[in-house]
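Coordinate inspection notes
The primary structure of each chain is shown beneath.
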Amino acid sequence: MDLNECLPAHLPTLFWCWLQRKIRAAGLSVDFMWEAIAGMLAGLLAFYLILLIALWLYARRHPETVSIAEAFRLLPDLIRVIRRMAADKTAPRSVKIKLALLLVYLLSPVDLVPDFIPIIGQADDVIIVALVLRSVIRSAGVHLLHRHWPGNATGLSLIEKLAGIDARAAQRNEHH
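All values reported here derive from a predicted model rather than from experimental measurement. (Residues numbered from 1 in each chain as written. Predicted model: local features only at pLDDT ≥ 70, side-chain atom pairs only at ≥ 80, totals over all residues. Heavy atoms only, no water.)

Next up on the list: helix α4 (residues 93-107). Between its first and last C-alpha, α4 extends 21 Å over 15 residues, near the 21 Å set by a 1.5 Å rise per residue. Three or more residues of α4 are buried, namely V95, L99, L102, L103, Y105 and L106. With its buried residues spanning 160° around the axis, α4 presents them on a single face. The exposed set on the far side of α4, more than 90 degrees from its buried face, consists of R93, L101, V104 and L107. (Helix = DSSP H or I, 4+ residues; strand = E, 2+ residues; numbered from the N terminus. Expected span 1.5 Å × (residues − 1). Buried < 20%, exposed > 50% of the residue type's maximum accessible area, 1.4 Å probe, protein only. Arc of directions from axis to C-beta.)

Structure representation (structure tokens):
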């Protein structure tokens, strides 16, 4: 099939003609392309389902995680502390990258799990924040969080709870 046969046409039609020509030139059938696309979509769907199951299992196994209502009250302070920790010159580069990606995710209108899915639809952001904060604190130490926390002590204790930090252990480490 010659591209001139597709003219006059709009861009998707031209792309389709070009793709068919390339597939035939490679000695493959157009059916092979559809099978490959279907296989990729099935793989992405399977990965997404596994991710949903993992988030659901995490939420069930960690009931001590901060509630959705508490997380929404903390959101402004949380965004500020993430931004401040990411800008901290003493923080390791890996920590800055994790925090920057978390900030982009939190500010993005796209959600990993749509909010209309019961329980995990609202909990995915909280779980992702918890996992990233745990990783950041393991890498950089709890002092980074304490130094940049803009809110009150109650909010800080909720963030520590979210990140899986024992408040008494954090205070002991802070004084040493």
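With that out of the way, let us pick up the pattern of salt bridges. Applying the stated criterion to the full structure yields 2 salt bridges. Linking D77 and R80 is a salt bridge whose minimum nitrogen-to-oxygen distance equals 2.7 Å. Residue D77 and its partner R80 are both found in helix α3 (residues 68-87); the two are separated by 3 residues, about one turn of the helix. Here D88 and R147 are joined by a salt bridge, their closest N and O atoms 2.9 Å apart. Taken as a pair, D88 in the loop between α3 and α4 and R147 in helix α6 (residues 142-148) lie far apart in primary sequence, 59 residues in all. Owing to a relative accessible area of 9%, D88 belongs among the buried residues under this scheme. Residue class for R147 comes out partly exposed when judged on its relative accessible area of 47%. (Salt bridge = Lys/Arg side-chain N within 4 Å of Asp/Glu carboxyl O.)

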